[in-house]
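Fold and geometry: a report
Spelled out from the first residue to the last, the chains are:
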Amino acid sequence: MNAEKTLSDIFTVSEELYRAMSSASESDHSSIFKNLTELGRILTESDRASFWKWDKHSHTLWTTAATGTDRITIPDTTGLVGKSLAEGRVIVTNDPYNDPDFNQAVDKATGYITRSILVMPVANINGEYIGAYQVINKLGGDGKYDEKEDCRRLSLAAMICGLALESDVFLEESHTDKLTRLRNRMGFFHDFDRKYNNVIRDSRRSLSLFICDIDKFKSVNDTYGHNAGDEVLRHVADILTENCRQTDGVYRWGGEEFIMIMTDMDMDTAAKRAEDIRKKIEAAVCHTQEGFSIRHTMSFGVTGFDNAKTIEENINIADQKLYTAKETGRNRVVV
């Protein structure tokens, strides 16, 4: 390795990493992981690198910080990354095409030739594995990874990655409702500051929202028990999620109340979305683990976002319309 050039490259990436960590932009976390991935690539003198996050809720491994690729998602039981995490150890192969755990799908799709791989599991401060670093194709020398020396070089980036990912996971969990896995109220205000504020600043774009409530939810808990009530909440969350675009957001506001915020959608179109969801919920049956088949309905209050009012004032307007829906018979949409 050219020591002077390598040191210069490390300083360049470190400067970019510092700027990303100091940024308040929506994409700051992805920038951090991309820079950390590049740091690991330089330190190990590799052609490609990727940092994989372990989503234990969905049992998947995924990365958006892979050199030369878009987002990739794989089951957490597959590939060399999955093996490294399952066994809790570094995996090195300098003959991947004869390794039964190597997934050749990407190479076949892109024409890339993989000659050597090193995978290092990444842990949090409690020693729990939360992700993995993967570097591909050692440059220079005999093109093979040395488990001792290359792990020593990669450990710096892996350590910083572990700390950054732990912080990222902690932030994500604090913004997530543990029962439904929807974003919670804190997540709503975080997203509004980072994403939806950009929409309302643009006079050419529109923003709408609705707040909805499960009708007579207390009677569900009283009749079937709180476990069944929890399943009804998850059932509703699933239907809302299925009817939410990637550009929109659905949140558990609290109790049996949910909010959906919709970008580039006027109030009339948002009301049609709410009515469609209302019908789907009315027609659906929640089959609980205890053998109950529960039907339920929901009421909705819809509003277009008024830029002259605060987010709290806009939500209060939608909430007043929800109250009207509840007071005038429930199972309806009020605009």
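Computed from a predicted model, the values in this text were never measured in an experiment. (Residues numbered from 1 in each chain as written. Predicted model: local features only at pLDDT ≥ 70, side-chain atom pairs only at ≥ 80, totals over all residues. Heavy atoms only, no water.)

**Quick notes on the packing of aromatic side chains**
Enumeration over the complete set of coordinates arrives at 11 aromatic pairs. Judged by centre distance (5.6 Å) and plane angle (80 degrees), the rings of Tyr97 and Phe102 are edge-to-face. Here the guanidinium or amino end of Arg48 rests over the ring plane of Tyr112, the centre of that ring lying 3.8 Å away. Sitting over the ring of Trp253, Arg185 keeps its end group 4.0 Å from the ring centre. (Phe/Tyr/Trp six-rings, centres within 6.5 Å; stacked < 30°, edge-to-face > 60°. Lys NZ or Arg CZ within 6 Å of the ring centre and 35° of its normal.)

**Quick word on the environment of Val232**
One can find Val232 in helix H8 (residues 226-242). Each C-alpha atom of the pair Val232 and Tyr97 lies 48 Å from the other, and the pair is 135 residues apart in sequence. The contacts of Val232, once residues within four sequence positions are left out, are Ile214, Phe217, Val220, Cys286, Ile294 and His296. (Helix = DSSP H or I, 4+ residues; strand = E, 2+ residues; numbered from the N terminus. Contact = heavy atoms within 4.5 Å.)

**Brief notes about the nonpolar core**
Side chains that are nonpolar tend, in soluble globular proteins, to be buried together. Grouped together as the largest cluster of nonpolar side chains are 29 residues, with contacts concentrated most on Phe210, Ile214, Leu240, Phe258, Met260, Ile277 and Met298. Of all the secondary structure elements, the ones that give two or more residues to this core are strand S7 (207-214), helix H7 (217-224), H8, strand S9 (257-263), helix H9 (267-283) and strand S12 (298-304). Setting aside residues up to four positions removed in sequence, Leu240 forms contacts with Phe210, Cys212, Val250, Phe258, Met260 and Ile277. Judged by nonpolar contacts, the second largest core, of 25 residues, contains Ile10, Val90, Tyr133 and Cys151. (Core = buried A, V, L, I, M, F, W, Y, C linked by side-chain atoms within 4.5 Å. Buried < 20%, exposed > 50% of the residue type's maximum accessible area, 1.4 Å probe, protein only.)

**Some words on H9**
With 17 residues, H9 ought to run about 24 Å at 1.5 Å a step, and its terminal C-alpha atoms sit 24 Å apart, in line with that. Within H9 the residues assigned to the buried category are Ala270, Ala271, Arg273, Ala274, Ile277, Arg278 and Ile281. For H9, the angular spread of buried residues about the axis comes to 155 degrees, placing them on one side. Across H9 from its buried face, at more than 90 degrees, point the exposed residues Asp268, Lys272 and Ala283. Taken together, the buried residues of H9 touch S7, H8, S9, S12 and strand S13 (333-334). (Expected span 1.5 Å × (residues − 1). Arc of directions from axis to C-beta.)

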